[in-house]
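What follows is the residue order along each chain.
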Amino acid sequence: MTHVEDELNSQPECWTRAAEEAVAHTAALPARGERVAVVGCGTSYFMAQAVAGLRESAGQGETDAFAASEFPHGRRYDRVVALTRSGTTTEVLDLLAGLRGTTRTTAVTADPDTPVMKAADDVVVLPYADERSVVQTRFATTALTLLRAHLGLHTDAVVADARTALAAELPQELVGCRQFTFLGRGWTVGLANEAGLKMREASLSWTEAYPAMEYRHGPISITTESTATWMFGEAPEGLAGQVRATGGLWVDGGLDPLAELVRAQRLAVAVAAARGLDPDQPRHLTRSVILAP
C-alpha cells in the first residue's frame, strides 16, 4: 500500500477527532460576524474556497478565499486564516509576516516544529493528520472538517459517508476514462477544484473543474465517450441528461460532498496504478514549496 492510500483510508478517524476538538479551538477560529479571509497554496487554497463558501452561506460573516500569493493587502479583515500542512510554505509565511501587528492571524497546520508556529498569532495543530505523501489527502479534509464543525455544519453522517466512499467499489469504466471534469456549486466548487488537482498530481490525468452552471457555457463541448463528468453535490436541473447525450459518463455524487472527494482521491490512486505511476512520487512536485531568498 502506498503512503497516500494509507493516509486517505484514515480520514474517517481523523475527521471524528477534529470535530471533537473543534470546541477547544474556538478562540483561535473565526467568530460569528468577523470579516475573514482564508488563504493557502495548492490544495490548501482549494480547501480555503470551500471554507469561505460554507461560512458565508451559513450567515457567519463575509468570507473570502485567496491563494496566499494573491492576497489583496488593500482590504481589511478581522482575521486571516492560513491553511498550511507543512508550516513551511514561503508564500504563507511571507503573508503572515506582512500581516503581523495589523490583522489577527490563525494558522491551521500539521507540524508543530515549523516556522508557522511563530508566524501566526494563533495556531491550531492537527499532528494526527500529517502525511508522508507529497499528495495531500487527510490533512486537507481534516482541516476542512475542523472548520466545518466550528461552524456547526459537521454531523456523524459525514463520517459514515466517508466510510462508504472507502468501502464501495469504484465504477471500472471510470478508471478507463481519459479526461475528467469535476463540477461543484457554492462551497463544493473548491472540492471540485481539489478533485481535479488530485487527479493531475497522482495520475497525470487531463482534468478540469468548474462551477456546475458554467459547464454549459463552453466546457461541455469537449465531452466525449472517454470523458467522466463528476458532480459534487446537487446537480443543476437537466445537466446530467445533457452530459449523457454527448456520450460522456455522468457521475452523480450521492454522498456528502466531502466524502465524494474521498472517492475522487481513490480514483486518482487507481488511475495512477493502471498507468504504472507511483502516486507517492508525483512528477516535479515536493511536499512544500520553499523559495530561496
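Computed from a predicted structure; not experimentally measured. Just so you know, the residues in each chain are numbered from 1, in the order the chain's sequence is written. Reporting of local features is limited, given that this is a predicted model, to residues whose pLDDT is at least 70; pairs of side-chain atoms are given and counted only at 80 or more, and all residues count toward the totals for whole chains, interfaces and linings. As a rule here, side-chain values cover all heavy atoms of the structure and leave hydrogens and water aside.

Enquirer: Mind showing me how you'd approach the overall build of the protein here?
Expert: Secondary structure elements are taken from DSSP: a helix is a run of H or I of four residues or more, a strand is a run of E of two residues or more, and numbering for both begins at the N terminus. Helix and strand content of the protein: 11 helices and nine strands. For the radius of gyration, the atoms used are the C-alpha atoms, and the globule rule reads 2.2 Å times the number of residues raised to 0.38. Taken against the 2.2 N^0.38 rule, which gives 19 Å for 293 residues, the C-alpha radius of gyration of the protein at 18 Å falls within 12% of a compact globule. Looking at the protein residue by residue over its 293 residues, the buried ones come to 58%. In this analysis, two residues are considered to be in contact whenever any of their non-hydrogen atoms come within 4.5 Å of each other. Sequence-distant contacts, at least 24 apart, represent 71% of the contacts inside the protein between residues at least 6 apart. A 1.4 Å probe and the Shrake-Rupley method give the accessible areas. Residues count as covered only by the protein chains that appear here. Put simply, the protein shows about 12,200 Å² of open surface, and 51% of that area lies on carbon and sulfur atoms. Relative accessibility decides the category of a residue: with a 1.4 Å probe and only protein chains considered, values under 20% of the type maximum give buried, values over 50% give exposed, and everything between is partly exposed.

Enquirer: Got a minute to help me understand the packing of helix H7 (residues 156-167) against helix H11 (residues 257-274) in this structure?
Expert: Axes are the key here: two packed helices are described by the angle between their axes and the distance separating the axes. Geometry is summarised by axes, namely lines fitted to C-alpha atoms with helices restricted to the contacting stretch, and by angles between N-to-C directions that run from 0 to 180 degrees. Contact geometry of H7 with H11 gives a least axis separation of 8 Å together with a crossing angle of 20°. For the element pair H7 / H11, the angle class is roughly parallel. Handedness of the crossing formed by H7 with H11: right-handed. Contacts between H7 and H11 involve Asp161, Ala162, Ala165, Leu166 and Ala167 from the former and Ala259, Val262, Arg263 and Arg266 from the latter. Only Asp, Glu, Lys and Arg are considered charged, only Ala, Val, Leu, Ile, Met, Phe, Trp, Tyr, Cys and Pro nonpolar, and every remaining residue, Gly among them, polar. Looking at side-chain class alone, the contact of H7 with H11 contains six nonpolar, no polar and three charged residues. Note on angle classes: values under 35 degrees are labelled roughly parallel, values over 145 roughly antiparallel, values of 65 to 115 roughly perpendicular, and the remainder oblique. Handedness of each helix crossing follows the sense of rotation of the near helix against the far helix: counterclockwise by less than a right angle gives left-handed, clockwise gives right-handed.

Enquirer: I keep staring at the sheet that holds strand E8 (residues 227-231) and nothing clicks. Help me out?
Expert: Whether parallel or antiparallel, the strands of a sheet pair through hydrogen bonds between backbone atoms. The pairing criterion is simple: DSSP has to find at least two bridges between the two strands. Spatially, the four strands line up as an open sheet ordered E7-E6-E8-E9, and their pairing is parallel. Whereas interior strands pair on both sides, the edge strands pair on one side only; in this sheet they are strand E7 (206-211) and strand E9 (249-252). Looking at each pair of strands side by side, their axes are set apart by 20° on average, direction ignored. The pairing of E8 with E9 spans four bridges and is parallel. Note on E9: the bridge partner recorded for threonine 229 is tryptophan 250. Sitting on the sheet, helix H9 (residues 188-203) touches strand E6 (179-184) and E7, and the angle it makes with E6 is about 160°. Strands in contact with H11 are E6, E8 and E9; relative to E8, the strand with the most contacts, it is inclined by about 155°.

Enquirer: Quick question: what am I supposed to make of the nonpolar core here?
Expert: Note on soluble globular proteins: their nonpolar side chains tend to be buried together. Among the nonpolar cores identified, the biggest contains 63 residues, and Val108, Leu144, Phe180, Phe182, Leu191, Phe232 and Leu267 are the most heavily contacted of them. Sort the elements by how many residues they give to this core and H11 lands first, with nine residues. In this structure leucine 144 touches Met47, Ala50, Val51, Leu54, Trp187, Leu191 and Leu258, once residues within four positions along its chain are discounted. By size, the runner-up hydrophobic cluster in this structure holds 17 residues, among which are Tyr77, Ala82, Val92 and Val116. By convention a nonpolar core is built from buried Ala, Val, Leu, Ile, Met, Phe, Trp, Tyr and Cys residues, the set being connected through side-chain atoms within 4.5 Å.

Enquirer: What should I look at first to understand helix H3 (residues 43-57) in this one?
Expert: For an α-helix the count is 3.6 residues per turn, leaving residues at separations of three or four pointing the same way. Between the first and last C-alpha of H3 there are 21 Å, a value that for 15 residues agrees with the 21 Å anticipated at 1.5 Å per step. Within the span of H3, buried status applies to Thr43, Ser44, Phe46, Met47, Ala48, Ala50, Val51, Ala52, Leu54 and Arg55. The inward-facing, buried residues of H3 contact strand E1 (36-40), strand E2 (63-67), strand E3 (79-84), helix H6 (138-150), H9 and H11. Just downstream of H3 lies glycine 59, where phi reads positive at about 75°. Expected helix span is computed as 1.5 Å times (number of residues minus one).

Enquirer: Explanation requested: the pairing of E3 in the structure shown.
Expert: For a regular strand, side chains alternate in direction, first toward one face of the sheet and then toward the other. With six of six residues buried, E3 is to be regarded as a mostly interior element. The alternating pattern of E3 places Arg79, Val81 and Leu83 and Val80, Ala82 and Thr84 on opposite faces, both of which are buried. Where E1 and E3 come together, four bridges link them in parallel fashion. Residue pairing in the sheet places valine 38 in a bridge with valine 81 of E3. Every crossover in which the path from the first strand over the helix to the second runs clockwise, viewed with the strands pointing away from the viewer, is termed right-handed. A crossover links E3 with its parallel partner strand E4 (residues 104-109), the connecting element being helix H4 (residues 90-99), and its sense is right-handed.

Enquirer: Can you help me understand the packing of aromatic side chains in this one?
Expert: For any pair of aromatic rings, geometry is given as the distance between the ring centres together with the angle between the planes. Stacked, tilted and edge-to-face are the three classes applied to pairs of Phe, Tyr and Trp rings, where Trp contributes its six-membered ring and a pair requires centres within 6.5 Å; stacked means planes under 30 degrees apart, edge-to-face means over 60, and tilted covers the rest. Scanning all chains against the criterion turns up eight aromatic pairs. Ring geometry for phenylalanine 66 and tyrosine 77: centres 6.4 Å apart, planes at 70°, overall edge-to-face. Linking phenylalanine 66 in strand E2 with tyrosine 77 in the loop between E2 and E3, this pair joins segments that are 11 residues apart in sequence. For phenylalanine 66, a relative accessible area of 13% gives the class buried. Judged by centre distance (5.9 Å) and plane angle (50°), the ring pair of phenylalanine 71 and tyrosine 77 falls under tilted.

Enquirer: Whenever I open this one, H4 confuses me. Can you help?
Expert: Within the span of H4, buried status applies to Thr90, Val92, Leu93, Leu95, Leu96 and Leu99. Among the structural elements, E1, E3, E4 and helix H5 (116-119) are those in contact with the buried residues of H4. Just downstream of H4, glycine 101 is the residue with a positive phi angle, here 85°.

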